[in-house]
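# Notes for the structure review
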Amino acid sequence: MKEATDGTAVQFLSPSMIQTYEEIADPKDVRNNRLHIADRAFHDWYRFILSFPPHLVRTYLNRFELAKGATLLDPFCGTGTTLVEAKKQSVAAVGIEAIPTSHFASTVKTSWQLKTSDVKRAAERILYQVSIQYSQSTSLKSFTSEQQSVVLANSICELPLHKCLLLLETIQAESVAELRGFLLLALVYVAVYEASNLRFGPEVSVRRKRKEDADVFESWYAKVLTMLNDLTALKELSFPLTICHLADARSPCSVLAANSIDAVITSPPYPNEKDYTRTTRLESVLLGFLKNKSDLRTVKNHLLRSNSRNVYAQDDDDRLIAAESRVARIAQEIERKRIELGKTSGFERKYHRATRLYFGGMKRHLAELRTALKPGAQLAYVVGDQASYLKVLIRTGELLAGIADELGYEISSIDLFRTRTSSVTNEQLREEVLVLEWPGFSRQISIDFGFEAARLRQYDRLIENVFFEQYQPNTDQVIVELEALQQATQAQQLNLSQGLSSVLHAYGFKRSFPKRIVQLLDEGETWVIRSLGRGRFAFVRCAVSCAEAGAESKGSFVNKRPNSG
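Residues numbered from 1 in each chain as written. Predicted model: local features only at pLDDT ≥ 70, side-chain atom pairs only at ≥ 80, totals over all residues. Heavy atoms only, no water.

### A short note on the pairing of strand β13 (residues 525–533)
Pairing analysis gives 8 bridges linking β13 to strand β14 (residues 536–543), with the strands arranged antiparallel. Across the sheet, Thr526 pairs through a bridge with Cys542, a residue of β14. The turn joining β13 and β14, which pair antiparallel and follow one another in sequence, is formed by 2 residues; a positive phi near 55° is taken by Arg534. (Pairing = 2+ DSSP bridges. Helix = DSSP H or I, 4+ residues; strand = E, 2+ residues; numbered from the N terminus.)

As structure tokens, then:
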């Protein structure tokens, strides 16, 4: 293991596979994850605090070069960043979201066919009616005790809540469903960001200084006008259809047709202690999606198990990860550390299982998704390293890459998006974009049922691991200890009946180096595996002609794969 320039440990990560986000060169620049002013339209109608930015979606839309008529999927669509940006770029898109409030927001934010004059008249009528009702109020409206049990305590003060509930009732009396959705989303925005006591940072919390009152009605009307301005700017244009399904992303084919998806851009939850339902509790109760704790559990049951607060006894996604040794070892280390530190709370006891359930759920998602993907489909998953579980580092991107590889996906790259400071360890953690390609089921069948193909792919991973553990950019020689190769072999649980030397010999004369290693070369170059004696060998970069001429005299294994391939 070596240290990256941002201070985090790097395991088995190819420097050639890490690319820094184009628009902002410094991955530590916080602007990487902020909504740019030019991107405000539609995106800021209501936006989940942990959303990734629209400009990242554009980057991968441009990179994927989707053909006209292609369909983009976001299976963890949240509040619709990918769907909105795809619609702006005239790309048909489909979303899947399990949290009802987020699904509602995504649906409204991509419904651009409203007649703006009708919306404005309805908003003016509602503003007039609610103002009269408020002036005649003799008591304050409030949540029921069951609703109060779901929202964070002191999320909103009595008077602002009363105004929100009055406005809610008036909007719900509107007869046109699409108008209601538009007007309700404006209310949700005002309730959360202008009327509540909520504060959003790494976690959602309640401000010490409470808002005893807020100008809910006028703020709502102003928000409606801002949203209408966005629609007005597009009234002469036409856009492709966007659909958002309320469903569990772990079972994508419950709502997706076979062979229907050309590309995926998404950001699944990270494996940490963030309860994603907690961030949307106030608006979920306000809109009637959550009436009590039973409703909350029902929603959680349809979510990827990304934290210990939605781990239940009947969960079984962890059975899918039993053979994934790196995930299993990380889970074991978390549990070992919990016992060592004497941590005994109910949630802490679930940390190791939550880790296995998370990666098992992602494996289930990626496995089933294959049926919906067209051959050649390209996928981008925005994920982040984590250390929430007792400071045990989880390299999310690398682990998901291994799972995807096992399922038959091609690993195109792991791009560095940004770094951020861990709230647990105060160290820099990587947020990355795992880029995959689905080649189709013909390759998958050969992997699942062809022992030789599976064994050779294991050899590829073995060579990659030991190579990139020691590789430094712009170097012409990578020295590896035979002991490191032996340790990697044991870690991957490989049974090398013909010995380690036969593996090295195969890459010298019979088998091409893995694609990630070859991509480091310039035209006309190759890698030579050269014995250095005393249990050491080296990967040496050199010209193809020199490598072939000098192989016999220098005791080298030469990989003769054409460099252009």
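### Details of the packing of helix α8 (residues 177–195) against helix α9 (residues 216–232)
Look at α8 against α9: their axes get within 9 Å of each other, and the N-to-C directions meet at 125°. Here α9 runs oblique to α8, going by the angle between their axes. α9 is crossed by α8, and the crossing has right-handed handedness. On the side of α8, the interface is formed by Phe182, Leu183, Leu185, Ala186, Leu187, Tyr189, Val190, Glu194 and Ala195, while α9 contributes Val216, Ser219, Trp220, Lys223, Val224, Met227, Leu228 and Leu231. For the contact of α8 with α9, the per-class residue count stands at 14 nonpolar, 1 polar and 2 charged. (Axes fitted to C-alpha atoms, helices over the stretch in contact; angles between N-to-C directions. Parallel < 35°, antiparallel > 145°, perpendicular 65-115°, else oblique. Left-handed = near helix turned anticlockwise from the far one by under 90°. Contact = heavy atoms within 4.5 Å. Nonpolar A, V, L, I, M, F, W, Y, C, P; charged D, E, K, R; others polar.)

### Here's the deal with the pairing of strand β4 (residues 92–97)
Across the 6 residues of β4, 5 count as buried, placing the element largely inside the fold. As judged from the 4 bridges shared by strand β3 (residues 71–74) and β4, these two strands associate in the parallel manner. Residue pairing across strands places Leu72 opposite Ala93, the latter belonging to β4. Tracing the backbone out of β3, into helix α3 (residues 81–88) and back to the parallel element β4 gives a crossover that is right-handed. Sheet analysis places β4 next to strand β7 (residues 242–246), joined by 5 bridges and oriented parallel. (Buried < 20%, exposed > 50% of the residue type's maximum accessible area, 1.4 Å probe, protein only. Right-handed = clockwise from strand over helix to strand, strands pointing away.)

### Topic: the packing of aromatic side chains
The description of an aromatic ring pair rests on the distance of the ring centres and on the angle between the ring planes. According to the stated counting rule, one finds 19 aromatic pairs in the structure shown. Measuring from ring centre to ring centre gives 4.9 Å for Trp112 and Phe239, while their planes differ by 80°; the resulting arrangement is edge-to-face. You can see Trp112 sitting in the loop between α4 (100–109) and α5 (116–135) and its partner Phe239 sitting in the loop between α9 and β7, a full 127 residues away along the chain. An angle of 75° between the planes, with centres 5.7 Å apart, marks the rings of Tyr134 and Phe217 as edge-to-face. With a gap of 83 residues between them, Tyr134 in helix α5 and Phe217 in helix α9 connect regions that are remote in the sequence. When its relative accessible area of 29% is taken as the criterion, Tyr134 is described as partly exposed. A relative accessible area of 8% means that Phe217 is categorised as buried. (Phe/Tyr/Trp six-rings, centres within 6.5 Å; stacked < 30°, edge-to-face > 60°.)

### A closer look at the environment of Leu161
Residue position: Leu161 is located in helix α7 (residues 158–172). The spatial distance from the C-alpha of Leu161 to the C-alpha of Leu286 is 9.3 Å, given a sequence separation of 125 residues. Apart from residues lying up to four places away in sequence, Leu161 is in contact with Lys141, Ser142, Phe143 and Ile156.

### Quick notes on the pattern of salt bridges
A full pass over the atoms with the stated rule returns 30 salt bridges. The shortest N-O distance in the salt bridge between Lys300 and Asp275 comes to 3.1 Å. Of the two residues, Lys300 is situated in helix α11 (residues 293–301) and Asp275 in the loop between β8 (261–266) and α10 (281–286); the sequence distance between them amounts to 25 residues. When sorted by exposure, Lys300 lands in the same class as Asp275, which is buried. One salt bridge connects Glu333 with Arg336, and the closest N-O pair in it is separated by 2.7 Å. Placement of the pair is Glu333 and Arg336 together in helix α12 (residues 325–341), with a separation of 3 residues, close to one helical turn. Residue Glu333 is classed as partly exposed on the basis of its relative accessible area, which comes to 29%. Taken together, the shared-partner salt bridges in this structure form one network comprising Asp248, Arg250, Asp317 and Arg364. (Salt bridge = Lys/Arg side-chain N within 4 Å of Asp/Glu carboxyl O.)

### Thoughts on the side chain of Glu432
With respect to the helices, strands and loops of the structure, Glu432 is situated in strand β11 (residues 428–438). We classify Glu432 as buried; its relative accessible area is 2%. In this structure the side chain of Glu432 is engaged in a polar contact, spanning 3.1 Å, whose partner is the side chain of Arg430. (Polar contact = N/O pair within 3.5 Å; in protein donor to acceptor, adjacent residues only side chain to side chain.)

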